[in-house]
Amino acid sequence: NRRKSKRDTVLKNFLAIDTSANYLTVVASKDGEEFSVFLPDCAMKHSPSFMNAVDEVLKKPSMTLQDCDFLSAVVGAGSFTGIRIGISAVKGFALACGKPTLPVTSFDVVAYNAVGEKKLCLIDASHGFYYACGYENGRVSIPPAYLSEDEVLALAQDGYALCAATDLPVQARQTVQKVDPVQGLLGAVKAKSEAGLFGQLEALYVRKSSAEINREKGE
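Residues numbered from 1 in each chain as written. Predicted model: local features only at pLDDT ≥ 70, side-chain atom pairs only at ≥ 80, totals over all residues. Heavy atoms only, no water.

## So, the sheet that holds strand S3 (residues 33-39)
Ordered in space as S3-S2-S1-S4-S5, the 5 strands form an open sheet in which the pairing is mixed. Edge positions in the sheet fall to S3 and strand S5 (101-104), since each has one partner strand and no second. Direction aside, the axes of adjacent strands within the sheet are offset by 15° on average. Of the strand pairs in this sheet, strand S1 (residues 14-18) and strand S4 (residues 70-74) are connected by 4 bridges, and their pairing is parallel. What sits directly across from Leu15, in S4, is Leu71. Here helix H2 (residues 46-59) sits on the sheet and contacts S1, strand S2 (24-30) and S3; the angle it forms with S2, its principal contact strand, is near 20°. Sheet strands touched by helix H3 (residues 80-97): S1, S4 and S5. Its angle to S4, the strand with the most contacts, is close to 170°. (Pairing = 2+ DSSP bridges. Helix = DSSP H or I, 4+ residues; strand = E, 2+ residues; numbered from the N terminus. Axes fitted to C-alpha atoms, helices over the stretch in contact; angles between N-to-C directions. Contact = heavy atoms within 4.5 Å.)

Structure (structure tokens):
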């Protein structure tokens, strides 16, 4: 048997959260076992629901934040308020416990649970627009962008499989591959931690908020 390295041990246990969408996902891993709490409809209620979900998922394996080797949060794209809630909470946990952090994007959550070599991961941005990021053979091929439905469908014609974690109003939604947000988050965290992609949690805002846009217009 291969002797375990320090890296094998260090990356075993973690807590990860996703507050970037209407749903809330909290997952934990302890000694290879995975645990989760998923609330499918949590729009505008992440703040009061978040701590209870964290407590619930940590109780399942009798785990504490100190038992975690690192902490992770989805940094966007998605809900401006939700992203800030998740990042702030995990930053606080990490500071209090002296743990490293791992940033994961909402596109990673989709990409690491979708089938296919060429994927366009989508998040509904309303009014016929989407936040999108393309992946090819596990690497980002189209950086995060704000695309119209016509642009999305053009990329689908170019061979990109459309993928999302929620239902989308896109015209060709019957062809959109819907992924499991829980398994997607677990897959993304494990893959990125194994690659050593730790770092600061900084919000990924593909587009300015409506308030910022209106302020710039002088409204």
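Next comes the rest of the write-up.
## What about unusual backbone geometry?
Looking along the chain, the bond that leaves Gly76 and enters Ala77 is cis, with omega of 5°. Residue placement: Ala77 occurs in the loop between S4 and H3. One non-glycine residue, Asp31, lies in the positive phi region at around 50°. Mapped onto the fold, Asp31 is located in the loop between S2 and S3. Residue classification places Asp31 among the exposed residues on the basis of a relative accessible area of 52%. Here the phi dihedral of Ser62 falls at roughly 55°; this positive angle occurs in a residue that is not glycine. Structurally, Ser62 can be placed in the loop between H2 and S4. (Buried < 20%, exposed > 50% of the residue type's maximum accessible area, 1.4 Å probe, protein only.)

## Remarks on the pairing of strand S8 (residues 139-148)
Sheet faces and side chains relate simply in a regular strand, where the side chains alternate between the two faces. Of the pairings in the sheet, the one linking strand S7 (residues 129-136) to S8 comprises 7 bridges and is antiparallel in character. Within S8, the position partnered with Ala132 by the bridge is Ala145. The loop that links S7 with its antiparallel partner S8 comprises 2 residues; one of these, Asn137, has a positive phi angle of about 55°.

## Details of the sheet that holds strand S6 (residues 118-124)
Taking strand neighbours across the sheet as the criterion, the 5 strands line up as S8-S7-S6-S9-S10 in an open arrangement whose pairing is mixed. Each end of this open sheet is capped by a strand with a single partner; those strands are S8 and strand S10 (177-178). Across the sheet, helix H5 (residues 149-157) lies against S6, S7, S8 and strand S9 (161-164), angled at about 145° from S8, the strand it touches most.

## Focus: the packing of aromatic side chains
Here the structure, examined in full by the defined rule, presents 7 aromatic pairs. Between Tyr23 and Phe38, the ring centres sit 5.5 Å apart and the planes meet at 40°, which makes this aromatic pair tilted. Highlighted residues: Tyr23 in the loop between S1 and S2 and Phe38 in strand S3, separated in sequence by 15 residues. Since its relative accessible area comes to 6%, Tyr23 is described here as buried. Residues Phe80 and Tyr205 carry aromatic rings whose centres are separated by 4.7 Å and whose planes lie at 20° to one another, so their mutual orientation is stacked. Highlighted residues: Phe80 in helix H3 and Tyr205 in the loop between helix H6 (181-194) and helix H7 (210-216), separated in sequence by 125 residues. A relative accessible area of 33% means that Tyr205 is categorised as partly exposed. An aromatic cluster of three or more residues is present, and its members are Phe14, Phe70 and Phe198. (Phe/Tyr/Trp six-rings, centres within 6.5 Å; stacked < 30°, edge-to-face > 60°.)

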